[in-house]
Amino acid sequence: MYRLPAIFFLLLMTVVVVGCGDQHSTGDNIPSPNGSDLRGRLTLTGSSTVAPLAAELGKRFERLHPGVRIDVQSGGTGTGIADARTGVADIGMASRPLKDSEMDLTAHHIAADGVALIVHASNPVTEVSAEHVVAIYTNGAHNWNEVGGPDLEITVVHKAEGRATLEVFLKHFKIDNPTVKADVIVGDNEHGIKTVAAAKGAIGYVSIGTAEADAKAGVLIKLLPLNGVAATTDNVASGKFLMSRPLHFVTIEDPPPLAAAFIQFCQSQEVHDTIVAQYFVPVPH
Amino acid sequence: MTPSSPNTLFRFHIDRWLTLITRGAAIISAAVVLLVVAFLAMESWPALRDIGLRRFLTDESWHPLSGSFNLVPMITGTALTTTGALLIAVPLGISSAVFGQFYAPPWMAVWHRRLVELLAGIPSVVFGLWGLVVLVPLLAPLGGSGQSLLAATLVLSLMIVPTIALTSHSALSSVPHELIAGGAALGLQRWAIVWRIALPAGKAGIKTGLLLATCRALGETMAVLMLAGNVPRMPDSVVSPIRTLTANIALEMGYATSEHRAILFVSGLVLLSVVSLFVLVIDFVGGWKNA
């Protein structure tokens, strides 16, 4: 009797060991016999800003081509670019222009996104000038009454190094990152919005698309205009709102046919409604 | 019951196979740790070679994209949040176990234990969200934004209380009944039984709980990220924002490229050293020896 458990254990181990060996094997990009319909699997990784949009576009593409599966994973622009280069992903998603060191890759412009300054909804301030923004972020101003607001301590909300919105913000106001004296450093846009909504004296900057949607949904934030131009997706589209960034799909120079077809689909007129529904701005091609 | 055929040769085979398999499994589980260390060392090697370990401790600030790499504020942040959380959670957790085991009426002990188990099951991101929406605005009047060392420590201690309480509870409940009954027969009061008999007898189990709780506190990322403010600066009060080593990696890894990535792996390597140090300290702290 006492031998039985040992045999079961052995069997179990065998099952486990055999199970480990057989990894999933997927057929990539097998062309269908008639050649008219696309088949295969596309993997997209990268910017958490682009990921929700790419997922929506992917769903539409899958409906048009039932033989295609599109997987979207978010992990930041850096990951997207690295994955596109190493081939881990067919397409990388980037929320900034390519740097000089990344010129071996090709960027495909999909949409645009603006970065807006946000404050708590109860803050009576209607606009903060560029000099005041610089002063607030580089420790020159500690109270809203120094920049024409109420007597309220300023909580400076900043982003972690490497974030695309941070680069857009620093470039626009010509601030050198080490000179910034932040009170809170946040990760993604939602984290920034929740932080500002929770502190009456806070100021931060996030993606306009996300902020506009949250403000409409009743989150206690207010988007500040820039040089008199309101922070709206419409003004980003018309090019009037200057603090903005491109959203890219990044591939190797000669992407496989399926990836090329998907990119062409995402740049076409017919997906503009999806881009707008995701609070981004379509760009003409 | 008749024993099955006494084929000793066959049994020997089984034993031999089991020895091989368990040995293999043991080697694999130990090798995983070594592999992780090797991987961390390999990934961070370019940064260590080009920058040198010393600059990670002596640079002016943490601005990896502008060439300064001081990790000391993050090491301090991790050490402070973990120590603070342990200071709050250890008395709470052990008291909770003692209460459930020796003072509570049976029906209350059962419900108390169920509630603590429920607390253990709450995911860290829920703790983080709760802290951000409820606790942070409450702490804001103390100064600063409310996202601070204090907020992170408080929530972290809530997260490790159930680990300590549950392991201490099972340690105390496995103390042989004869010991307790013997104490009672000698006329000892309840606190003396707890303090002189039950706690010393259960200390091996309690210590394991402490280790698990410490590791959870050191490794916790999401909740701390949402609550600590994450400014990589030495804190000057409990309401100052701090950044932990885990938050440092989580905040920047997604967007980091080439050298920045290697530098973040150094951060991981340092975290691993801090964890080992804490484990060693707990292992050798006076009174917990030979458990």
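Fair warning: this is a prediction, and the values are worked out from it, not measured in the lab.

## Some words on the overall build of chain B
- Counting its secondary structure elements, chain B contains 12 helices and two strands.
- Order of helices (α) and strands (β) in chain B, N terminus to C terminus: α-α-β-β-α-α-α-α-α-α-α-α-α-α.
- With the principal axes as the frame, chain B shows a C-alpha extent of 75 × 60 × 35 Å.
- Of the contacts formed within chain B by residues at least 6 apart in sequence, a portion of 72% connects residues at least 24 apart.
- As presented, chain B carries roughly 15000 Å² of accessible surface, and 71% of it is formed by carbon and sulfur atoms.
- Mean positive and mean negative side-chain charge positions of chain B (17 and 12 charges, respectively) differ by 11 Å.

## Quick word on the nonpolar core
- One finds Leu117, Ile136, Tyr137, Trp144, Phe169 and Met243 of chain A to be the most contacted residues of the largest nonpolar core, which totals 54 residues.
- Every residue in contact with phenylalanine 169 of chain A, bar those within four places of it in the chain, is listed here: Leu117, Val133, Tyr137, Ile175, Tyr205 and Met243 of chain A.
- Membership of the second largest hydrophobic core comes to 39 residues, among which are Val98, Ile164, Leu172 and Leu227 of chain B.

## Regarding the side chain of threonine 78 of chain B
Residue and element names in this part refer to chain B.
- Within the fold, threonine 78 resides in helix α3 (residues 72-103).
- Look at threonine 78 and you get buried, because its relative accessible area is 1%.
- Excluding its chain neighbours within four sequence positions, the residues that come into contact with threonine 78 are Leu218, Thr244, Leu245, Leu271 and Val274.

## A short note on the domain arrangement of chain B
Residue and element names in this part refer to chain B.
- By domain assignment, chain B separates into domain 1 (5-50) and domain 2 (62-290).
- With centres defined by C-alpha atoms, the gap from domain 1 to domain 2 works out at 30 Å.
- Taken together, the contact between domain 1 and domain 2 spans nine residues of the former and eight residues of the latter.
- At the surface where domain 1 touches domain 2, the tally comes to one salt bridge.
- Between glutamate 43 and arginine 261 there is a salt bridge whose closest N-O contact spans 3.7 Å.
- Taken together, the connections running from domain 1 to domain 2 amount to zero residue pairs in polar contact (both at pLDDT 80 or more).
- Per-class residue counts for the side of domain 1 that touches domain 2 are seven nonpolar, one polar and one charged.

## Overview of the packing of aromatic side chains
- Scanning the entire structure with this criterion turns up nine aromatic pairs over all chains.
- Between phenylalanine 56 of chain B and phenylalanine 69 of chain B the ring centres are 5.9 Å apart and the planes differ by 40°, which places this aromatic pair in the tilted class. With phenylalanine 56 of chain B in helix α2 (residues 55-58) and phenylalanine 69 of chain B in strand β2 (residues 68-69), this pair connects stretches of sequence that are 13 residues apart.
- The buried category is assigned to phenylalanine 56 of chain B, whose relative accessible area is 1%.
- A network of ring pairs unites the aromatic residues Phe61, Phe249, Phe262 and Phe265 of chain A as a single cluster.
- One Lys or Arg, arginine 114 of chain B, reaches over the ring of tryptophan 111 of chain B and ends 5.1 Å from the middle of that ring.

## Details of helix α3 (residues 77-86) of chain A
- Every buried residue of α3 of chain A is accounted for by Thr77, Gly78, Gly80, Ile81, Asp83 and Ala84 of chain A.
- Glycine 87 of chain A occupies a position one or two residues after α3 of chain A and carries a positive phi of about 90°.

## Observations concerning the layout of surface pockets
Residues and elements named next belong to chain A.
- If you add up the space inside the largest pocket, you get close to 630 Å³.
- Those elements giving two or more residues to the lining of the largest pocket turn out to be β5 (155-159) and α6 (189-198).
- Among the residues forming the lining of the largest pocket, the class breakdown is 17 nonpolar, 11 polar and six charged.

## Quick look at the pattern of salt bridges
All names here are of chain A.
- As enumerated under the stated definition, the model contains 15 salt bridges over all chains in all.
- Here aspartate 71 makes a salt bridge to arginine 41, at a shortest N to O gap of 2.7 Å. Within this pair, whereas aspartate 71 is found in strand β2 (residues 68-74), its partner arginine 41 is found in strand β1 (residues 40-46), the two being separated by 30 residues in sequence.
- Among the residues examined, arginine 41 registers a relative accessible area of 29% and is labelled partly exposed.
- When salt bridges that share partners are traced, they join Arg41, Glu62, Arg69 and Asp71 into one network.

## Describing the packing of α6 of chain A against helix α5 (residues 124-139) of chain B
- Remark: α6 of chain A packs on α5 of chain B, axes separated minimally by 10 Å, with the N-to-C direction vectors making an angle of 20°. Classed by the angle they form, the pair α6 of chain A and α5 of chain B counts as roughly parallel. Judged by the sense of rotation from one axis to the other, the crossing of α6 of chain A with α5 of chain B is right-handed. On α5 of chain B, the residues that touch His191, Lys194, Thr195 and Ala198 of chain A of α6 of chain A are Leu129, Leu132 and Pro137 of chain B.
- Its residues assigned to classes, the contact of α6 of chain A with α5 of chain B comprises four nonpolar, two polar and one charged.

## Side note on the pairing of β2 of chain A
Residues and elements named next belong to chain A.
- Both β1 and β2 contribute to a ladder of seven bridges, which runs parallel. Counted as the bridge partner of leucine 44 is valine 72 from β2.
- You can see the chain leave β1, run along helix α2 (residues 51-64) and come back into β2, and the turn it takes is right-handed.

The rules we used
- In this convention, every chain numbers its residues from 1, walking through the sequence in written order.
- Think of it this way: whatever chain is written first is A, whatever ligand is written first is 1, and the rest follow in order.
- Local features in a predicted model are, by the rule used here, given only for residues with pLDDT of at least 70; side-chain atom pairs are given and counted only at 80 or more, and totals for whole chains, interfaces and linings are based on all residues.
- To get the side-chain values, take all heavy atoms of the structure and skip hydrogens and water.
- Put simply, DSSP H or I for four residues or longer makes a helix, DSSP E for two residues or longer makes a strand, and each gets a number counted from the N terminus.
- Whether two residues are in contact is decided by their heavy atoms, any of which lying within 4.5 Å being enough.
- All accessible areas in this document rest on Shrake-Rupley with a 1.4 Å probe, and a residue is counted as covered only by the protein chains that are shown.
- Charge convention: Lys and Arg are scored as positive, Asp and Glu as negative, and His as well as the terminal groups of each chain are ignored.
- Note on charges: their place is set at NZ of Lys, CZ of Arg, CG of Asp or CD of Glu.
- Only buried residues count toward a nonpolar core. Its members are Ala, Val, Leu, Ile, Met, Phe, Trp, Tyr and Cys residues joined through side-chain atoms within 4.5 Å.
- Exposure classes here rest on a 1.4 Å probe applied to the protein chains alone. A residue is buried below 20% of its type maximum, exposed above 50%, and partly exposed in between.
- An automatic or database domain assignment supplies the start and end points of every domain.
- Think of a salt bridge as a Lys or Arg side-chain nitrogen and an Asp or Glu carboxyl oxygen that are within 4 Å of each other.
- Contacts described as polar in this section are N or O atom pairs within 3.5 Å, which, within protein, must combine one atom able to donate a hydrogen with one able to accept it, while residues neighboring in sequence count only if both atoms come from side chains.
- Under the grouping applied here, Gly and all other residues not named as nonpolar or charged are polar, the nonpolar ones being Ala, Val, Leu, Ile, Met, Phe, Trp, Tyr, Cys and Pro and the charged ones Asp, Glu, Lys and Arg.
- Stacked, tilted and edge-to-face are the three classes assigned to paired rings of Phe, Tyr and Trp, where Trp is represented by its six-membered ring and a pair needs centres within 6.5 Å; plane angles under 30 degrees give stacked, over 60 edge-to-face, the rest tilted.
- When the NZ atom of lysine or the CZ atom of arginine is within 6 Å of a ring's centre and also within 35 degrees of its normal, the charge is said to sit over that ring.
- Residues are called lining when one of their atoms sits within 4 Å of a cavity or pocket point, these points coming from a 1 Å grid over the protein atoms alone, where a cavity is a set in which a 1.4 Å probe fits but cannot get out and a pocket is an open set with protein on both sides within 12 Å along at least five of seven lines.
- Grid points are joined across faces, edges and corners, and a volume is the space filled by probe spheres set on the points.
- All axes here are fitted lines through C-alpha atoms, helices being fitted over the stretch that makes contact, and every angle between N-to-C directions spans 0 to 180 degrees.
- Oblique is the label for every angle not falling under 35 degrees (roughly parallel), over 145 degrees (roughly antiparallel), or within 65 to 115 degrees (roughly perpendicular).
- By the definition used in this description, the sense in which the near helix is turned from the far one sets the handedness, with an anticlockwise turn below a right angle giving left-handed and a clockwise turn giving right-handed.
- By this definition, two strands are paired if DSSP reports at least two bridges between them.
- Consider the strands pointing away from the viewer: the crossover is right-handed when the path from the first strand over the helix to the second runs clockwise.

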